[in-house]
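One letter stands for each residue in the lines below.
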Amino acid sequence: SGIDSLKVEGRMKSHLYIANTIGTYRFALDEIHKQLEQGIKDPTLNYHQLEGKLKQVSNRTFSTGSLLNRAFSDSLRFDTGGYISGVEFIGVIKEMDYDRGMVIETKAPIQLNEKMEIQTIEGKCIPFSVSLISDMQGNQIPKANPNTIVTLPWVEGVTPMSILRKLKITEKNL
């Protein structure tokens, strides 16, 4: 179709935003490619599902801007007070150590028994519950504070630079 590249705005965005956006676009592009290779001339995607994934992380809502028509004053959004987000960025998995587990650089607190997700660099989300938190000396601790490095138990299928996140509690997901 004449498209050689795709620019995804990421400047001044969080690790979570970039990982989620790139993972969603990667999935969409791979799915279209797979359908074309199977001989499907008009590939289809579940756009509502993809938009839902994009809306999970902090954003200022979406519009078509000037894509379909020239942008006028009605393309400006005044009905929201800023960013909207359904997930919270907890940290980055810095390394995987089979003996110690996942080495996490935290950006938000982690509590025992919290339910979280790991978003892999491929965009796959793996749910898990925090069963153990240890400091870097191997001592068990009841919680991890922001801006610390801790270990959590090994989760199969996770690689370094995966994102640790948790769903925000809202009326919508109660």
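Residues numbered from 1 in each chain as written. Predicted model: local features only at pLDDT ≥ 70, side-chain atom pairs only at ≥ 80, totals over all residues. Heavy atoms only, no water.

Peer 1: Would you mind going over the sheet that holds strand β1 (residues 87–97) with me for this structure?
Peer 2: Each strand in a sheet pairs with another by means of backbone hydrogen bonds, the pair being arranged parallel or else antiparallel. Taken together, six strands build an open sheet; the order of strands is β5-β4-β8-β1-β2-β7 and the sheet is antiparallel. Each having just a single partner strand, β5 (125–129) and β7 (149–152) make up the two edges of the open sheet. With direction set aside, neighbouring strand axes in the sheet form an average angle of 35 degrees. Across five bridges, strand β4 (residues 115–119) lies against β5 in antiparallel orientation. (Pairing = 2+ DSSP bridges. Helix = DSSP H or I, 4+ residues; strand = E, 2+ residues; numbered from the N terminus. Axes fitted to C-alpha atoms, helices over the stretch in contact; angles between N-to-C directions.)

Peer 1: Hey, could you run me through the environment of A19 in this one?
Peer 2: Take A19: it is sitting in helix α1 (residues 15–37). Separated by 142 residues in sequence, A19 and M161 have C-alpha atoms that sit 9.4 Å apart.

Peer 1: Please clarify how the packing of aromatic side chains should be interpreted in this entry.
Peer 2: Between two aromatic rings, the relevant description is the distance of the centres plus the angle of the planes. Tallied over the full model, the rule gives one aromatic pair. The interplanar angle of 70 degrees and the centroid separation of 5.3 Å between the aromatic rings of Y98 and W154 together place this pair among those described as edge-to-face. Of the two residues, Y98 sits in the loop between β1 and β2 (101–106) while W154 sits in the loop between β7 and β8 (163–167), which places them 56 residues apart along the sequence. Residue Y98 is classed as exposed on the basis of its relative accessible area of 67%. (Phe/Tyr/Trp six-rings, centres within 6.5 Å; stacked < 30°, edge-to-face > 60°. Buried < 20%, exposed > 50% of the residue type's maximum accessible area, 1.4 Å probe, protein only.)

Without other data, these values stay purely geometric and don't point to any function.
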